[in-house]
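The residues making up each chain are set out below.
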Amino acid sequence: VDPTKAQGYKELSTLYGQNKQADLGLEAYKKYLELIGDKAELSDRFLLGVQYMKVYQEEGTDPEKKQQFFQDADNIFAEVMEQKPDYVTAIIYRARLNNTDPTKINEEVKNLYVKVLEVTADRPDETMRERFEAARYLFFYAVNVEPNDMELAERAYEIAKTIAPEDKFVQNAGRFMEISKAEQQ
C-alpha cells in the first residue's frame, strides 16, 4: 500500500472485510479517513460505523471490546442520522445493529423501523427493500408486544403486501390477520 494514496487503504479495508478480518479492515479504514482528513464526507463517516459494526458482529471478537465496538457503531449511525435525518441506509443499519436478539421485541428497533417508513413514504418505489425489511420487523413487533398492536400489524402487513404479495412472510401475515379479525368478531 502506498501510504500517500488514501484510496488504497479504503480498498484494503474492503479486502480485509471479505477475508473475515474485520478488525484489520477497521484499522485500514481509519487510516483512509486520516489520510483524506477534511475531505471526508458523511458517507465516509457512515462507512466507519459499518466497519465498527462488522468488528462487533465478527465471531472471535474479544468480548470485552465487543460492547465498545457496538457503542462506537451506534454513536456514528446516530450522528449520521442527526446530520441527515433521511439517510435511510444509516437508519436501517442502526436498526440491524440494535436488533441484538431477533427473537425478542425491541422498542429502539421498532422506533427506527417506523422512522424508515416515515422517511421513505414519498419514494416507496425506490426504497422497496428497506420498506419491506421495516414492515417485517414492525409486524413481528406488533404481534409480540403485550397487548398486541393490531393497528401497527395491519399497517405493516399492508405495506409488505404491496411490495411482495407472493412472499411467504406476507402470506403467513395475511392468514394471521384474518384469524385475528375473525376472533375479534
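What you see is a predicted model, and the numbers here were worked out from it, not measured in a lab.

### Observations regarding the packing of aromatic side chains
(1) Moving on: What the rule picks out here adds up to 12 aromatic pairs.
(2) Moving on: Ring centres of phenylalanine 132 and phenylalanine 169 lie 6.2 Å apart, and the angle between their planes is 90 degrees; this geometry places the pair in the edge-to-face category. Of the two residues, phenylalanine 132 sits in helix 7 (residues 128-144) while phenylalanine 169 sits in helix 9 (residues 168-184), which places them 37 residues apart along the sequence. Like phenylalanine 169, phenylalanine 132 is buried.
(3) Moving on: Through successive ring pairs, a cluster of aromatic residues spans Phe46, Phe77, Tyr87 and Tyr93.
(4) Moving on: When the ring centre of tyrosine 56 is taken as origin, the NZ or CZ atom of lysine 66, which lies over that ring, is 5.1 Å away.

### What about helix 4 (residues 63-83)?
(1) Moving on: Between its first and last C-alpha, helix 4 extends 31 Å over 21 residues, near the 30 Å set by a 1.5 Å rise per residue.
(2) Moving on: Restricting attention to buried positions, one finds in helix 4 the residues Phe69, Phe70, Ala73, Asp74, Ile76, Phe77, Val80 and Met81. The buried side chains of helix 4 occupy one side of the element, clustering within an arc of 160 degrees when seen end-on. Of the residues in helix 4, the exposed ones pointing more than 90 degrees away from the buried face are Glu64, Glu82 and Gln83.
(3) Moving on: Buried residues belonging to helix 4 abut helix 2 (22-36), helix 3 (42-57), helix 5 (88-98) and helix 6 (107-120).
(4) Moving on: Measuring from the backbone nitrogen of glutamate 64 back to the side-chain oxygen at the start of helix 4 gives 3.0 Å, which picks out aspartate 62 as the cap.

### Side note on the side chain of aspartate 44
(1) Moving on: Tracing the chain through its elements places aspartate 44 in helix 3.
(2) Moving on: Buried charged residue aspartate 44 carries no salt bridge. Nearest counter-charge: lysine 10, at 4.1 Å.

### A word on the nonpolar core
(1) Moving on: Membership of the largest hydrophobic core comes to 57 residues, with the highest contact counts inside it found for Tyr113 and Phe139.
(2) Moving on: If one sorts the elements of this core by residue count, helix 7 sits on top with nine residues.
(3) Moving on: Here tyrosine 113 is in contact with Ile92, Ala95, Arg96, Glu133, Ala134, Tyr137 and Leu138, once residues within four sequence places are set aside.

### Looking at the environment of threonine 120
(1) Moving on: Here threonine 120 lies in helix 6.
(2) Moving on: Note on threonine 120: relative accessible area 0%, which makes it buried.
(3) Moving on: Along the backbone, threonine 120 and valine 88 are 32 residues apart, and their C-alpha atoms lie at a distance of 7.6 Å.
(4) Moving on: Ignoring any residue separated from it by four or fewer positions in sequence, one finds threonine 120 in contact with Val88, Thr127 and Arg131.
(5) Moving on: At a separation of 3.4 Å, a polar atom in the side chain of threonine 120 contacts the main-chain carbonyl oxygen of leucine 117.

### A short note on the packing of helix 3 against helix 5
(1) Moving on: At a minimum axis separation of 11 Å, helix 3 and helix 5 run at an interaxial angle of 20 degrees. Relative to helix 5, the element helix 3 lies roughly parallel. When you trace helix 3 past helix 5, the crossing you get is left-handed. Taking contact as the criterion, the partners of Phe46, Val50, Met53 and Tyr56 in helix 3 are, on helix 5, Thr89, Ala90, Tyr93, Arg96 and Leu97.
(2) Moving on: Residue composition of the contact of helix 3 with helix 5, grouped by class: seven nonpolar, one polar and one charged.

Reading the values: rules and limits
Residues numbered from 1 in each chain as written. Predicted model: local features only at pLDDT ≥ 70, side-chain atom pairs only at ≥ 80, totals over all residues. Heavy atoms only, no water. Phe/Tyr/Trp six-rings, centres within 6.5 Å; stacked < 30°, edge-to-face > 60°. Helix = DSSP H or I, 4+ residues; strand = E, 2+ residues; numbered from the N terminus. Buried < 20%, exposed > 50% of the residue type's maximum accessible area, 1.4 Å probe, protein only. Lys NZ or Arg CZ within 6 Å of the ring centre and 35° of its normal. Expected span 1.5 Å × (residues − 1). Arc of directions from axis to C-beta. Contact = heavy atoms within 4.5 Å. Polar contact = N/O pair within 3.5 Å; in protein donor to acceptor, adjacent residues only side chain to side chain. Lys, Arg positive; Asp, Glu negative; His and termini not counted. Salt bridge = Lys/Arg side-chain N within 4 Å of Asp/Glu carboxyl O. Core = buried A, V, L, I, M, F, W, Y, C linked by side-chain atoms within 4.5 Å. Axes fitted to C-alpha atoms, helices over the stretch in contact; angles between N-to-C directions. Parallel < 35°, antiparallel > 145°, perpendicular 65-115°, else oblique. Left-handed = near helix turned anticlockwise from the far one by under 90°. Nonpolar A, V, L, I, M, F, W, Y, C, P; charged D, E, K, R; others polar.

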